[in-house]
Amino acid sequence: LEALAAQHPGIEVLAADLRLQSPNPLPEEFAAAAQRDGLRVARATSVLSVVFRGDLSQLANGRAVDDASPLRGRVTVAREAFGTGQPIAGGPAPGEAWPDSKLLAATGASLGDELSIGAGTFRVTQVLITRPDQGGTFSDLAPSILINAADLAGTALLQPGSRASHAML
């Protein structure tokens, strides 16, 4: 697969070699079958939500990622908005949030500040500069924020009728 990735750098756009995506959570059997075949598996869930810092708010593309994500490509982060990104392995730890520069500017936040997403509160520990699966869909026009998948339930954003996108990488 490494040779395939070197020959086809476009697969980094998926953040994986293969991406399954659905408005419904994907069955665990899919992940179990992939792992039995020796494949690595990661998950990401996206949902539009309003992010608050005090009285300031901004619609954002919230992405909850597990510790294995991304499988291809690298997330780059900085210590300040619009800074030079440094590649980093993995994603935010539980309780942390990585807003992108546009979201940080819109809310007037900086490192160490708290942002609220749904019913959850998160400390800003990095500024998201790029991620391999940045897309061009309508929801990607909103600023992005990464949180740990373990924190998603605590936000209460996934309710009946929520417009979420569940991906298995």
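Our subject in this report is the structure included herewith. The structure displayed is predicted, hence computed values, not measured ones.

### Brief notes about the sheet that holds strand β5 (residues 86-88)
The antiparallel open sheet is built from 3 strands, whose spatial order is β5-β4-β9. Of all the strands in the sheet, the pair left with one neighbour each is β5 and β9 (127-130). Taking the axes of each pair of neighbouring strands and ignoring which way they run, one obtains an average angle of 50 degrees across the sheet. Alignment of strand β4 (residues 75-78) against β5, held across 3 bridges, turns out to be antiparallel. Considered in β5, the bridge of Val77 is made with Gln86.

### Description of the side chain of Thr107
By the element assignment, Thr107 lies in helix α3 (residues 101-107). There is a polar contact of 3.4 Å between the side chain of Thr107 and the backbone oxygen of Leu104. Discounting residues that sit within four places of it in the chain, Thr107 has contacts with Val51, Arg53, Leu56, Gln58 and Leu115.

### Some points on a nonpolar patch on the surface
Taken together, Leu48, Val50, Phe52 and Leu59 make up a surface patch of nonpolar side chains, about 310 Å² in accessible area. Here Phe52 shows up in strand β2 (residues 43-53).

Conventions adopted
- Residues numbered from 1 in each chain as written.
- Predicted model: local features only at pLDDT ≥ 70, side-chain atom pairs only at ≥ 80, totals over all residues.
- Heavy atoms only, no water.
- Pairing = 2+ DSSP bridges.
- Helix = DSSP H or I, 4+ residues; strand = E, 2+ residues; numbered from the N terminus.
- Axes fitted to C-alpha atoms, helices over the stretch in contact; angles between N-to-C directions.
- Polar contact = N/O pair within 3.5 Å; in protein donor to acceptor, adjacent residues only side chain to side chain.
- Contact = heavy atoms within 4.5 Å.
- Patch = residues over 30% accessible without salt bridge, like charges linked within 9 Å, V, L, I, M, F, W, Y side chains within 5 Å.
- Areas by Shrake-Rupley, 256 points an atom, 1.4 Å probe, with all protein chains shown as cover.
- Salt bridge = Lys/Arg side-chain N within 4 Å of Asp/Glu carboxyl O.

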